[in-house]
Amino acid sequence: MATQLKNLSDFSHTTIPNGSPYKIAIAVAEWNAEITGALYNGALKTLTDNGVAEENITSIAVPGTFELSSAADMLLQKHKNLDAVICLGCVIQGETRHFDFICDAVANGITQVSVKHSKPVIFGVLTTNDQQQAIDRAGGKHGNKGDEAAITALKMAELATTI
Ligand SMILES: Nc1c(NC[C@H](O)[C@H](O)[C@H](O)CO)[nH]c(=O)[nH]c1=O
Ligand SMILES: CC(=O)[C@@H](O)COP(=O)(O)O
């Protein structure tokens, strides 16, 4: 179902795992900072609301969305006890093909880092046609994708302990 039809931040809230056992990192892109700041605030609140201790959350900033996968790799390399990394960014379509290269690179990069480390690396990246679509998904009428990324991190962290 498309986001247009639903506020996805409401999904599965009844089954969010208790986050108290987990250590989570958040990497956030500085590009489109108003949007990524809102994603970050949503993710942070969702983690702490669900029991993740503040001292168990590591936050770092990177210049742009393109840098998120290498940042996630560095975090997982350095902090072996992390249970998940949440990557937050916002790429807005411009006039050229730049958008496609960044989106492809970050989606593939995050997948590769996740598989390399066998750890959840969450794709909390907005890839929108315009600024309004981004606003709508960063605490606007379609919810906050930062919340969803945090819930996904908790679900995947729990899955890793049960598999
Ligand atoms: N245009 C957007 C960018 N561009 C910057 C790249 O992410 C990257 O930092 C640069 O190419 C250097 O490697 N980043 C975004 O997050 N959002 C954009 O819309
Ligand atoms: C990611 C983009 O498409 C954008 O920020 C770059 O803009 P442009 O393609 O107009 O150079």
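- An unreviewed UniProt entry lists the protein under the name 6,7-dimethyl-8-ribityllumazine synthase, from Pedobacter frigoris.
- Its UniProt record, at the heading Sequence similarities (unreviewed entry), says of the protein: "Belongs to the DMRL synthase family."
- What UniProt states about the protein under its Catalytic activity (unreviewed entry) heading is, verbatim, "(2S)-2-hydroxy-3-oxobutyl phosphate + 5-amino-6-(D-ribitylamino)uracil = 6,7-dimethyl-8-(1-D-ribityl)lumazine + phosphate + 2 H2O + H(+)".

### Considerations on the confidence of the model for the protein
Part 1 of the argument: Taken as a whole, the protein shows an average pLDDT of 94; of its residues, 91% reach a score of 70 or greater.
Part 2 of the argument: ipTM for the predicted complex: 0.95, alongside a pTM of 0.94.

### Focus: the sheet that holds strand 2 (residues 57-62)
Part 1 of the argument: One open sheet holds the four strands; their spatial order is 2-1-3-4, and the pairing between them is parallel. Each edge of the open sheet carries a strand with a single partner, namely strand 2 and strand 4 (121-128). Across the sheet, the mean angle separating the axes of adjacent strands is 15° when strand polarity is ignored.
Part 2 of the argument: On top of the sheet, helix 2 (residues 68-78) reaches strand 1 (24-29), strand 2, strand 3 (84-92) and strand 4; it is set at about 165° to strand 3, its chief contact.

### Some points on the site of ligand 2
Part 1 of the argument: Taken together, W31, V91, I92, Q93, G94, E95, T96, H98, F99 and I102 make up all the residues around ligand 2.
Part 2 of the argument: A distance of 3.4 Å separates an oxygen atom of ligand 2 from a polar backbone atom of I92.
Part 3 of the argument: Within the backbone of G94, a nitrogen or oxygen atom sits 2.9 Å from an oxygen atom of ligand 2.
Part 4 of the argument: When the free accessible area of ligand 2 is taken as 320 Å², the share hidden by the protein chains comes to 73%.
Part 5 of the argument: Here ligand 2 occupies the largest pocket.
Part 6 of the argument: Of all the elements in the fold, those that place two or more residues in the shell around ligand 2 are strand 3 and helix 3 (98-117).
Part 7 of the argument: At three residues, the largest contribution of residues to the shell around ligand 2 is made by helix 3.

Thresholds applied
Counting from 1, residues in each chain are numbered in the order their sequence is written. The lettering of chains begins at A and the numbering of ligands begins at 1, in the order of writing. Under the rules for a predicted model, residues below a pLDDT of 70 receive no local features and side-chain atom pairs below 80 are neither given nor counted, while totals for whole chains, interfaces and linings still include all residues. Side-chain metrics rest on all non-hydrogen atoms present in the structure, leaving aside hydrogens and water. UniProt positions are given in the numbering used here, feature names are shortened, and annotations may be inferred rather than shown by experiment. Looking at any residue, its pLDDT shows the predictor's confidence there, from 0 to 100. Only strands joined by at least two bridges in the DSSP assignment are considered to pair. Starting at the N terminus, helices and strands are each numbered in turn, a helix being any DSSP run of H or I of at least four residues and a strand any DSSP run of E of at least two. What counts as an axis is a line fitted to C-alpha atoms, over the stretch in contact for a helix, and the angles between N-to-C directions run from 0 to 180 degrees. Should any heavy atoms of two residues lie within 4.5 Å, those residues are counted as being in contact. Nearness is judged by heavy atoms alone; a residue qualifies as near a molecule or strand once a single heavy atom is within 4 Å of it. Whenever a nitrogen or oxygen atom comes within 3.5 Å of another N or O atom, the pair is scored as a polar contact, on the condition that within protein one atom can donate a hydrogen and the other can accept it, and that pairs from neighbouring residues in sequence are kept only if both atoms are in side chains. Only the protein chains shown count as covering a residue, and every accessible area follows the Shrake-Rupley method with a 1.4 Å probe. Both site types are read off a 1 Å grid over the protein atoms alone. A 1.4 Å probe that fits but cannot get out defines a cavity, while an open set with protein on both sides within 12 Å along at least five of seven lines defines a pocket; lining residues have an atom within 4 Å of a point. Think of it this way: a molecule belongs to a cavity or pocket when more than half its atoms come within 2 Å of the grid points there.

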